[in-house]
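Secondary and tertiary structure notes
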Amino acid sequence: MEGSLGRTLGILTGASRAFNRSLALLLAQRLASGSALVINSRNYGTLRTLSKELGKVRQDLQVLCVSIDLGCEAGMKQLLEVMPRPPDLQRLLLIHDAGTLGDVSKKIVDFTDPADVSGYWALNMTSPLCLTARILGAFPPSPGLKRTVVNISSLCAVKPSKLWSLYCTGKAARNMMFRVLAEEEPSVRVLSYAPGPLDIEMNPELAQKTKDLEKSQTLSKLRTCRSQVDWSVYAQKLLDLLEEDTFESGAHIDFFDE
Ligand SMILES: NC(=O)c1ccc[n+]([C@@H]2O[C@H](COP(=O)([O-])OP(=O)(O)OC[C@H]3O[C@@H](n4cnc5c(N)ncnc54)[C@H](OP(=O)(O)O)[C@@H]3O)[C@@H](O)[C@H]2O)c1
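A short tour of the structure in this document, coming up.

Scoring rules and cut-offs
Residues numbered from 1 in each chain as written. Predicted model: local features only at pLDDT ≥ 70, side-chain atom pairs only at ≥ 80, totals over all residues. Heavy atoms only, no water. Helix = DSSP H or I, 4+ residues; strand = E, 2+ residues; numbered from the N terminus. Buried < 20%, exposed > 50% of the residue type's maximum accessible area, 1.4 Å probe, protein only. Contact = heavy atoms within 4.5 Å. Near = heavy atom within 4 Å. Polar contact = N/O pair within 3.5 Å; in protein donor to acceptor, adjacent residues only side chain to side chain. Nonpolar A, V, L, I, M, F, W, Y, C, P; charged D, E, K, R; others polar. Pairing = 2+ DSSP bridges. Right-handed = clockwise from strand over helix to strand, strands pointing away. Arc of directions from axis to C-beta. Axes fitted to C-alpha atoms, helices over the stretch in contact; angles between N-to-C directions. Parallel < 35°, antiparallel > 145°, perpendicular 65-115°, else oblique. Left-handed = near helix turned anticlockwise from the far one by under 90°. Salt bridge = Lys/Arg side-chain N within 4 Å of Asp/Glu carboxyl O.

Some thoughts on the overall build of the chain
Secondary structure summary: the chain contains eight helices and seven strands in total. Within the chain, buried positions represent 51% of all 258 residues. In the chain, 79% of the contacts between residues at least 6 apart in sequence involve partners at least 24 apart.

A closer look at the site of the ligand
Close to the ligand lie 28 residues; Ser 16, Arg 42, Asp 69, Asp 97 and Tyr 167 are nearest. Note that an oxygen atom of the ligand is positioned 2.7 Å from one of the side-chain N or O atoms of Ser 16. The contact in question runs from an oxygen atom of the ligand to an N or O atom on the side chain of Arg 42, over 2.7 Å. Listed by contribution, the elements that provide at least two residues to the shell around the ligand are helix 5 (165-184) and helix 6 (202-209). When the residues that make up the shell around the ligand are grouped by side-chain class, the tally is 12 nonpolar, 10 polar and six charged.

Let's talk about the pairing of strand 6 (residues 188-194)
Counting buried residues in strand 6 gives seven out of seven residues, a clear majority hidden from the surface. Burial along strand 6 is two-sided: Val 188, Val 190, Ser 192 and Ala 194 and Arg 189, Leu 191 and Tyr 193, pointing in opposite directions, are all buried. Relative to strand 6, strand 5 (residues 146-152) runs parallel, the two being bridged by six bridges. The residue of strand 6 that forms the bridge with Val 149 is Val 190. The β-α-β motif built from strand 5, the intervening helix 5 and the parallel element strand 6 has right-handed crossover chirality.

Let's talk about the pairing of strand 3 (residues 62-67)
Where strand 2 (residues 36-41) lies against strand 3, six bridges are found, and the strand directions are parallel. Residue pairing for strand 3: Ser 41 is matched across the bridge by Ser 67. As a crossover connection, the stretch from strand 2 through helix 2 (residues 44-57) into strand 3 is right-handed.

Things to note about helix 3 (residues 73-81)
Listed as buried for helix 3 are Gly 75, Met 76 and Leu 79. Down the axis of helix 3, the buried set is contained in an arc of 95 degrees. They therefore lie on one face. The exposed residues of helix 3 that point more than 90 degrees off its buried face are Ala 74 and Glu 81. Elements that come into contact with the buried residues of helix 3 comprise strand 2, strand 3 and helix 4 (114-138).

Quick word on the packing of helix 4 against helix 5
Running from N to C, helix 4 and helix 5 cross one another at 20 degrees; their axes reach a closest spacing of 11 Å. Considering their axes alone, helix 4 and helix 5 lie roughly parallel with respect to each other. Remark: the crossing between helix 4 and helix 5 carries right-handed chirality. Of the residues in helix 5, those in contact with Asp 116, Val 117, Tyr 120, Trp 121, Asn 124, Met 125, Pro 128, Leu 129, Thr 132 and Leu 136 of helix 4 are Leu 166, Tyr 167, Thr 169, Gly 170, Ala 173, Arg 174, Met 177, Phe 178 and Leu 181. Partitioning the contact of helix 4 with helix 5 into residue classes produces 13 nonpolar, four polar and two charged.

Examining the pattern of salt bridges
Here the structure, examined in full by the defined rule, presents nine salt bridges. Where Glu 53 meets Arg 21, a salt bridge forms, and the shortest distance between an N and an O atom there is 2.7 Å. Here the residue Glu 53 occupies a position in helix 2, and Arg 21 occupies one in helix 1 (residues 18-30), the gap between them amounting to 32 residues. Look at Glu 53 and you get partly exposed, because its relative accessible area is 24%. Since its relative accessible area comes to 19%, Arg 21 is described here as buried. Its salt-bridge partner being Asp 60, residue Arg 58 comes within 2.9 Å of it at the nearest N-O pair.

Rendered as structure tokens:
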């Protein structure tokens, strides 16, 4: 398994929390010598901690911590400026995991102020679109280079859920955006991958804020029920999909799919 993904430049947004941290550590094991991993979130401290853990897993891996806000132009620009270029690159792997829930205390009829929603689209839609465009532009097709873009999706992309209008809409729109990318760029492998429920930071926040009593209780139960599938299992499945590379480009694959 070690080195099975080849000499890779991996870019992981939203790498400060459990799922993507787990993904980064498992991914590192599959990269060939000479690979580089760019990890991003706004929190430099958590990125440094992850970087040290990655160093224990793979001493030969170049890890770059980029703590920037992806919701703004300056942040995106900075990410591109520091992008390493490992020689004889075999794989470019861009994984979009950064995201937010939006205001889960409001129903659609409560969103009367456009400013409340436009900031949400900036991070959750505009940023993955423009970042993908810039990174693919910076690494154009070349013989021997496989380019893969992964959108971390959710069941909410396909199933509506009360009070989660921004999140559901954003995830559905992102799925479509990446399907279009797959149509437009046949040389790029594109995947929307939905992990199962994650017993991490997003859920307590959600359980506290949501006014939907039934959902709040379900989420609280989820926090106390440690029999949930471990998030490294979700990450492992994604890496297996990438390694097998037989998925239809642009597809939405859920962890629970057969
Ligand atoms: N939670 C679930 O049950 C669940 C289920 C299915 C799918 N998912 C999806 O899986 C992914 C991870 O979910 P999660 O629960 O792990 O979310 P999370 O804990 O809230 O992590 C979100 C990540 O995005 C980063 N981020 C937020 N705003 C940012 C900004 N402006 N610029 C740069 N980075 C930013 C956060 O880091 P900083 O705050 O340090 O910047 C964090 O690393 C998400 O795409 C989510 O939609 C989650």
